[in-house]
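Examining the three-dimensional arrangement
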Amino acid sequence: MQKTVFITGATSGIGKACAEIFARNGYNIIANGRRAERLKDLKNELEKNFPVKVLTVDFDVQEKEQVFAAADMLPSDWQKIDVLINNAGLALGKASFEDADLEDWETMLHTNVEGLLFVSKAFLPFVKKSPAGHIINIGSIAGKEVYENGNVYCASKFAVDAITKAMRIELMPAGIKVTGIHPGAVETEFSLVRFNGDEDKARAAYKGFKPLTGADVADTIWFCANLPPHACINELTITCLQQANVFYYNKNP
Ligand code: NDP
Ligand code: 8X3
């Protein structure tokens, strides 16, 4: 029977790259994001190129009612989810504790922490219907070490790490694998969003080194999702060659 992956934040970056690699390998895709037009384009592209079906579910992961309504309305032939990738997330701003914007903090916490919780809880019954369910949460190296002016983004990703570890323990009796993926710098729309559309600032974030791409991270996620049934990667940190951790880069002059 064809497998299904549900990916939050599939309209861009890591999530979109995940949709591509899973579709290329024959998975049906449930693709989430807020930008419905992009989801429609993704569906057309994947269904044209691969023998798979794509269901688009445009909702905001921050909105509990929308998340649970989407789960309630999941068509009957989509009610087995083999892999859930909790990828939707964002950073907003890079300002000191004193200067940071309160609404930015709220949005990051609502999206990266609550959104992941709402989606996991709402869609868990469908993951349990798979004989080999797997939940993959996208954390960050910012959830391993705190950097200056990373304050609440880092806190949200520390929370993702803790939630992932808790899910790993508590979903073990159900036979569900749980994996945390913690990437370093990946060139996606992430920095454009973080710096409110400022392209110069976004470009500067990757100056002097070759960052990961969304496809690099998606390849790793695909690898984690394809271990033998008795094996589980609990957590995995991936950075580009020129980044050792959240602080240390070997940048070109
Ligand atoms: P992008 O900005 O390219 O993609 C983010 C995705 O999240 C988009 O598809 C966006 O879709 C979706 N999203 C954001 N907010 C919501 C929401 N409220 N509801 C539903 N979907 C939402 O960034 P990345 O691909 O880089 O980011 C993906 C994940 O990887 C994030 O969790 C990020 O924190 C994490 N990460 C990124 C790193 C990087 O350097 N890029 C490094 C480490 C981790 P839409 O706008 O259509 O809703
Ligand atoms: C994104 C990586 O270092 O920009 O999670 O916070 S970083």
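Residues numbered from 1 in each chain as written. Chains lettered and ligands numbered in written order. Predicted model: local features only at pLDDT ≥ 70, side-chain atom pairs only at ≥ 80, totals over all residues. Heavy atoms only, no water.

1. What about the overall build of the protein?
Helix and strand counts for the protein come out as eight helices and nine strands. In terms of C-alpha radius of gyration, the protein reaches 17 Å, essentially the compact-globule figure of 18 Å for 253 residues. Seen through its C-alpha atoms, the protein measures out along the principal axes to roughly 50 × 40 × 35 Å. Relative to its 253 residues, the protein shows a buried fraction of 50%. Contacts in the protein between residues far apart in sequence, at least 24 positions, make up 73% of those at least 6 positions apart. Only carbon and sulfur atoms are counted for the fraction: they give 53% of the accessible area of the protein, which is about 12500 Å². (Helix = DSSP H or I, 4+ residues; strand = E, 2+ residues; numbered from the N terminus. Rg over C-alpha atoms; globule rule 2.2 N^0.38 Å. Buried < 20%, exposed > 50% of the residue type's maximum accessible area, 1.4 Å probe, protein only. Contact = heavy atoms within 4.5 Å. Areas by Shrake-Rupley, 256 points an atom, 1.4 Å probe, with all protein chains shown as cover.)

2. So, helix 4 (residues 102-127)
Counted at 1.5 Å a residue, the expected span for helix 4 with its 26 residues is 38 Å, and the 35 Å between its end C-alpha atoms agrees. Where helix 4 bends most, the angle comes to about 35°, and this point is Glu114. The N-cap of helix 4, judged by a side-chain oxygen 2.9 Å from the amide nitrogen of Glu103 a few residues on, is Asp101. (Expected span 1.5 Å × (residues − 1). Bend = angle between axes of the 7 residues up to and from the residue. Polar contact = N/O pair within 3.5 Å; in protein donor to acceptor, adjacent residues only side chain to side chain.)

3. Examining the site of ligand 2
The immediate surroundings of ligand 2 are formed by Ser140, Ala142, Tyr147, Tyr153, Phe190 and Arg194. Separating an oxygen atom of ligand 2 from a side-chain N or O atom of Ser140 is a distance of 2.6 Å. Contacts to ligand 2 include Tyr153, whose side-chain N or O atom sits 2.6 Å from an oxygen atom. Coverage of ligand 2 by the protein amounts to 83% of the 240 Å² it exposes when considered alone. Comparing atom positions with the cavity grids shows ligand 2 to sit within the largest pocket. (Near = heavy atom within 4 Å. 1 Å grid on protein atoms, 1.4 Å probe; cavity = no way out; pocket = protein on both sides within 12 Å on 5 of 7 lines; lining within 4 Å. Sits in = over half its atoms within 2 Å of the grid points.)

4. Structural notes on the nonpolar core
Membership of the largest hydrophobic core comes to 39 residues, with the highest contact counts inside it found for Phe22, Ile29, Ile85 and Ile221. Of all the secondary structure elements, the ones that give two or more residues to this core are strand 1 (4-7), helix 1 (13-24), strand 2 (28-33), helix 2 (36-49), strand 4 (83-86), strand 5 (134-138), helix 8 (214-224) and strand 9 (235-238). The element that contributes the greatest number of residues to this core is helix 1, accounting for seven residues. For Ile29, the contacting residues outside a window of four places in its chain are Val5, Ile7, Ala19, Phe22, Ala23, Leu46, Lys53, Val54, Leu55 and Trp78. Counting 28 residues, the second-largest nonpolar core is a separate cluster that includes Val61, Val119, Ala122 and Ile163. (Core = buried A, V, L, I, M, F, W, Y, C linked by side-chain atoms within 4.5 Å.)

5. Quick look at the environment of Ala162
Structurally, Ala162 can be placed in helix 5 (residues 151-170). It is 9.2 Å that separates the C-alpha atoms of Ala162 and Gly143, two residues lying 19 residues apart in sequence.

6. Considering empty space enclosed by the protein
Taken as a whole and assessed by the stated rule, the structure comprises one cavity of 30 Å³ or more. Volume-wise, the largest cavity comes out at about 40 Å³. Taken together, Thr8, Val61, Asn86, Asn87, Ala88, Thr111, Gly115, Leu116 and Val119 make up the full set of residues lining the largest cavity. Looking at the lining of the largest cavity element by element, the count peaks at four residues for helix 4. A class-by-class count of the residues in the lining of the largest cavity yields four nonpolar, five polar and no charged. (Points joined across faces, edges and corners; volume = space filled by probe spheres on them. Nonpolar A, V, L, I, M, F, W, Y, C, P; charged D, E, K, R; others polar.)

7. Side note on the site of ligand 1
For ligand 1, the set of nearby residues contains 30 residues, the closest of which are Thr11, Ser12, Arg34, Tyr153 and Thr188. Within the backbone of Ile14, a nitrogen or oxygen atom sits 2.9 Å from an oxygen atom of ligand 1. One of the side-chain N or O atoms of Thr188 is found 2.6 Å from an oxygen atom in ligand 1. For the shell around ligand 1, the secondary structure elements donating two or more residues are helix 1, strand 2 and helix 5. Its residues assigned to classes, the shell around ligand 1 shows 11 nonpolar, 14 polar and five charged.

8. Let's talk about the pairing of strand 3 (residues 54-58)
Summarising the sheet, strand 2 and strand 3 pair through five bridges and their orientation is parallel. By the bridge assignment, Gly33 is partnered in strand 3 with Asp58. Handedness of the crossover joining strand 2 and strand 3 through helix 2: right-handed. (Pairing = 2+ DSSP bridges. Right-handed = clockwise from strand over helix to strand, strands pointing away.)

9. Details of the sheet that holds strand 2
Read from one edge of the open sheet, seven strands run 3-2-1-4-5-6-9, paired in parallel fashion. Here the strands that pair on one side only, and so sit at the sheet edges, are strand 3 and strand 9. When the angles between neighbouring strand axes are averaged without regard to direction, this sheet yields 15°. Note: strand 1 against strand 4, three bridges, orientation parallel. By the bridge assignment, Phe6 is partnered in strand 4 with Leu84. Of the strands in this sheet, strand 1, strand 2, strand 4 and strand 6 (177-183) touch helix 1, which is tilted by about 170° from strand 1. (Axes fitted to C-alpha atoms, helices over the stretch in contact; angles between N-to-C directions.)

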